[in-house]
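Close look at the chain arrangement
For reference, the chains in residue letters:
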Amino acid sequence: MLLLFPSVGQWTVPLPSPLLSLGRLWLFPLRSERGEAGPPERHASRGPSPSPPSPPGWSQSRCLQPEVLVRKAGAPLTPPLLLAMSLRTLREGGQLAETEEAEEGAPGARVLPPPLLPWDRFSAWLHCACVVGFDLELGQAVEVIYPQHAKLTDKEKTNICYLSFPDSNSGCLGDTQFCFRFRQSSNRKLSWHCLLDQFDRDLPIYLKRDPAYFYGYVYFRQVQDKTLKRGYFQKSLVLISKLPYIHFFHTVLGQIAPEYFDKNEPYLEAACNDIDRWPPPVPGKTLHLPIMGIVMKMRIPTCHDKPGTTEVLQSTYQEDTQISISLPTVHEVDLFRCFLPVFFHIQMLWELVLLGEPLVVMAPSPSESSETVLALVSCISPLKYYSDFRPYFTIHDSEFKEYTTRTQTPPSVILGVTNPFFAKTLQHWPHIIRIGDIKLSGEVPKQVKVKKLKNLKTLDSKPGVYTSYKPYLNKDEDIIKQLQKGVHQKRPAEAQSIILRRHFLELTQSFIIPLERYVASLMPLQKSISPWKSPPQLKPFNQDEFMKTLEKTGPQLTSKLKGDWIGLYRHFLKSSNFDGWFRTRRKEMTQKLEALHLEALCNEDLLFWSQKHTEVETVDLVLKLKDKLADGKNLPVNPGTMEKLHRHIDSIILAQPEDLQGILTKTGST
């Protein structure tokens, strides 16, 4: 096994020209602790272990990784230490790639991305793992944060403490899994955040990381223990991540948490060490993720996938013999199971989520509240829910006062709660969903009418939807009958969820297609793009013009549902979901215009242009081209466009006097 490690902040390993002249890096396997080439054995404890001797003048930096060799001042360079790995190779799943380096300062020299640091692979998946226990004097407290250097503010720790335990009234005995979401107190960037941003661009909009929020994935255990004063063992293992991969992280916790509660911290340390060897979360690629003796196989969706479809995981027979778990999805919840308690109101709930209306889900446990909130948010997919949502929310949350005040209109947010106190505190909210225990029974719940809010006094009120909202669209009786028939025929829950998800997808697409069609008409014609002028601007969104288009090209072309579609659109255009959707589309179209402008510029003979203009104008052109080169990394340009721009810049610089060549080479963004 080839282990590639950079320095740890003390020294950056240069690549000497004799090695580079061969056209690729020299790579040397480190000796394992057994004295043979290969990966070192995992040590669950933190105690020191025998290590191979360091070369003269070098020290070993210990972390929960194999040794990282750090060069001391004046130490000689030895070939085994010339180990480097660019982030570009990580995009290829950690495979080694050829690396070339142009002469420093020469036109066309490329700046390599920063090297991979210890825990970077771990940080691509998780911010940290926490253990939250119960102390008789302190209450909930964070006992362990792993890795130890992970940063959490006091406010974040407090939120994690309270959100990692069910409310006392929930009575969750045994093992419980759920999810929560909370605000990040400060902005932090990873050492290889630029690559993660690239992965993010390839994701569907609803799976992109939100820089302002963390997800917490919880495995909570509460069992009787007479040796403890309280009489119960209560502890949670929590994974903190930016990634909204609900099903994936619940599966990971289901594998490692039970073992952790038996073997404690050394087991958690070993599990985190395994995660730090995972390939990065590249969308569209089949990933094999080993952890504590098992291998999980999964695929993260991409923005290019057809909505509503799941890619079949391709593999060879040899690979399959090593796979313990193959995940059909990374993020989806059991939609049918979650909506079963409010089965007859799914259409109205879809409208409430689409319009960003304030919603409260009152449930008997964090598991049911979090699953229902996540199901609600996902029901308008592939449209992203742009407002805030909290799968599990407590009275101790730092935003409790902000969201429960009666002095202002309830905010656009979906809250999942279990504490009976909320029945009184949130009674002024316009839409409340009360659910009982979520169980898959052989019968669909009897049809329940929408109830008035004044009837909701306690959390023990009957399950149902409490609202005065009147849906814009007529109820779709066909989907109700289809799902009822599935229950009577004992159709698998997975199949029921697929049917329901397809129904929501078709409904959302019928609604959004007219908007997409109108917004596309705001794009200037390609013939109006001139390489010697600034890119043209998008036309402004005009609500009246859009409404006129609905007469001939409205949702009636793709949906058989009748109702007040015009009223639904007018309401939607005032919502945070429309604001977020339009801002995203406007940004995408602006970038497309800039990309088309850049491609038009690259198709011109810029060297000939520079020869016909003054030196000052040429310098100005080079600086502008370098700015475009830097900005072009984020633009959807055709393959080869950026390389063509590089060649234009290099050829113009080389045509200048020597003194000006040096200045232009060192000036600008490249």
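Looking up the chain in an unreviewed UniProt entry gives the name DENN domain containing 6A, with the organism given as Anolis carolinensis. Among the UniProt annotations of the chain, the heading Sequence similarities (unreviewed entry) holds the following wording: "Belongs to the DENND6 family."

**What about the overall build of the chain?**
If you tally the helices and strands in the chain, you get 22 helices and 15 strands. Residues counted as buried form 49% of the 670 residues belonging to the chain. The contacts of the chain with a sequence gap of at least 6 include a subset with a gap of at least 24, amounting to 72%. Carbon together with sulfur atoms contributes 52% to the accessible area of the chain, which is approximately 33,000 Å² in total.

**Examining the pairing of strand S3 (residues 128-135)**
By the criterion of burial, S3 is predominantly enclosed, with six of the eight residues buried. Relative to strand S4 (residues 139-146), S3 runs antiparallel, the two sharing seven bridges. Across the sheet, residue Gly 133 finds its bridge partner in S4, namely Ala 141.

**Overview of the sheet that holds strand S15 (residues 464-467)**
Taken together, five strands build an open sheet; the order of strands is S12-S13-S11-S14-S15 and the sheet is mixed. This sheet does not close on itself; its edge strands, each paired only once, are strand S12 (388-390) and S15. In this sheet, adjacent strand axes meet at a mean angle of 15° when their direction is disregarded. As paired strands, strand S11 (residues 359-362) and strand S13 (residues 413-417) are joined by four bridges and run parallel to one another. Along S13, the bridge assignment pairs Met 362 with Val 417. Contacts between helix H10 (residues 346-354) and the sheet are confined to S11, S13, strand S14 (431-434) and S15, with S15 contributing the most and set at about 50° to the helix. Across the sheet, helix H11 (residues 366-378) touches S11, S12, S13 and S14, and the angle it forms with S13 is around 160°.

**Thoughts on the packing of aromatic side chains**
One pass over the structure, following the stated rule, counts 37 aromatic pairs. Seen from their ring centres, Phe 400 and Phe 422 are 5.8 Å apart, and the 70° between their planes marks the pair as edge-to-face. You can see Phe 400 sitting in helix H12 (residues 400-404) and its partner Phe 422 sitting in helix H13 (residues 421-425), a full 22 residues away along the chain. A residue is classified by how much of its surface remains accessible, and Phe 400, at 15% relative accessible area, is buried. Seen from their ring centres, Tyr 518 and Phe 546 are 5.7 Å apart, and the 55° between their planes marks the pair as tilted. In this pair, Tyr 518 sits in helix H15 (residues 493-520) while Phe 546 sits in helix H16 (residues 543-553), placing the two residues 28 residues apart along the sequence. Phe 546 shares its class with Tyr 518; the two are buried.

**Some points on the side chain of Glu 371**
Turning to its location among the elements, Glu 371 is positioned in helix H11. One polar contact links Glu 371 to Arg 337, side chain to side chain, over a distance of 2.5 Å. Glu 371 has contacts with Val 333, Arg 337 and Cys 338, leaving out every residue within four places of it along the chain.

**A look at the sheet that holds strand S7 (residues 232-241)**
One open sheet accounts for five strands, arranged S4-S3-S7-S6-S5; its pairing is antiparallel. One side of each edge strand has no neighbouring strand; the edge strands of this open sheet are S4 and strand S5 (174-183). Adjacent strand axes in the sheet meet at a mean angle of 25° when their direction is disregarded. Sheet strands in contact with helix H6 (residues 246-263) are S3, S5, strand S6 (213-224) and S7, and its direction is about 40° off that of S6.

**Details of the pattern of salt bridges**
Within this structure, the stated rule accounts for 19 salt bridges. A salt bridge links Glu 516 to Arg 585; its shortest N-O distance comes to 2.9 Å. A residue pair is termed long-range when its members are at least 10 positions apart, and Glu 516 in helix H15 and Arg 585 in helix H18 (residues 576-602) qualify at 69 residues. A residue is classified by how much of its surface remains accessible, and Arg 585, at 16% relative accessible area, is buried. Across the pair Asp 620 and Lys 624 runs a salt bridge, and its minimum N-O distance is 3.3 Å. With a gap of four residues between them, Asp 620 and Lys 624 both fall in helix H20 (residues 615-631), about one helical turn apart. Of the residues examined, Asp 620 reaches a relative accessible area of 37% and is grouped as partly exposed. What you see here is one network of salt bridges that share partners, running through Arg 181, Arg 183, Asp 210, Asp 388, Arg 390, Asp 397, Glu 399 and Glu 402.

**Let's talk about the confidence of the model for the chain**
Mean pLDDT over the chain: 78, with 74% of residues reaching 70 or higher. Taken as a whole, residues 1-113 scores under 50 in pLDDT and shows 186 contacts with residues more than four places along the chain or in a different chain.

**With respect to the environment of Ser 528**
Its location among the elements puts Ser 528 in the loop between H15 and H16. Each C-alpha atom, one on Ser 528 and one on His 597, is 10.0 Å from the other, the two residues being 69 residues apart in sequence. Of the polar contacts made by the side chain of Ser 528, one reaches the backbone oxygen of Leu 525; its length is 2.5 Å.

Cut-offs applied
Residues numbered from 1 in each chain as written. Predicted model: local features only at pLDDT ≥ 70, side-chain atom pairs only at ≥ 80, totals over all residues. Heavy atoms only, no water. UniProt positions renumbered as here; feature names shortened; annotations may be inferred. Helix = DSSP H or I, 4+ residues; strand = E, 2+ residues; numbered from the N terminus. Buried < 20%, exposed > 50% of the residue type's maximum accessible area, 1.4 Å probe, protein only. Contact = heavy atoms within 4.5 Å. Areas by Shrake-Rupley, 256 points an atom, 1.4 Å probe, with all protein chains shown as cover. Pairing = 2+ DSSP bridges. Axes fitted to C-alpha atoms, helices over the stretch in contact; angles between N-to-C directions. Phe/Tyr/Trp six-rings, centres within 6.5 Å; stacked < 30°, edge-to-face > 60°. Polar contact = N/O pair within 3.5 Å; in protein donor to acceptor, adjacent residues only side chain to side chain. Salt bridge = Lys/Arg side-chain N within 4 Å of Asp/Glu carboxyl O. pLDDT = per-residue confidence, 0-100.

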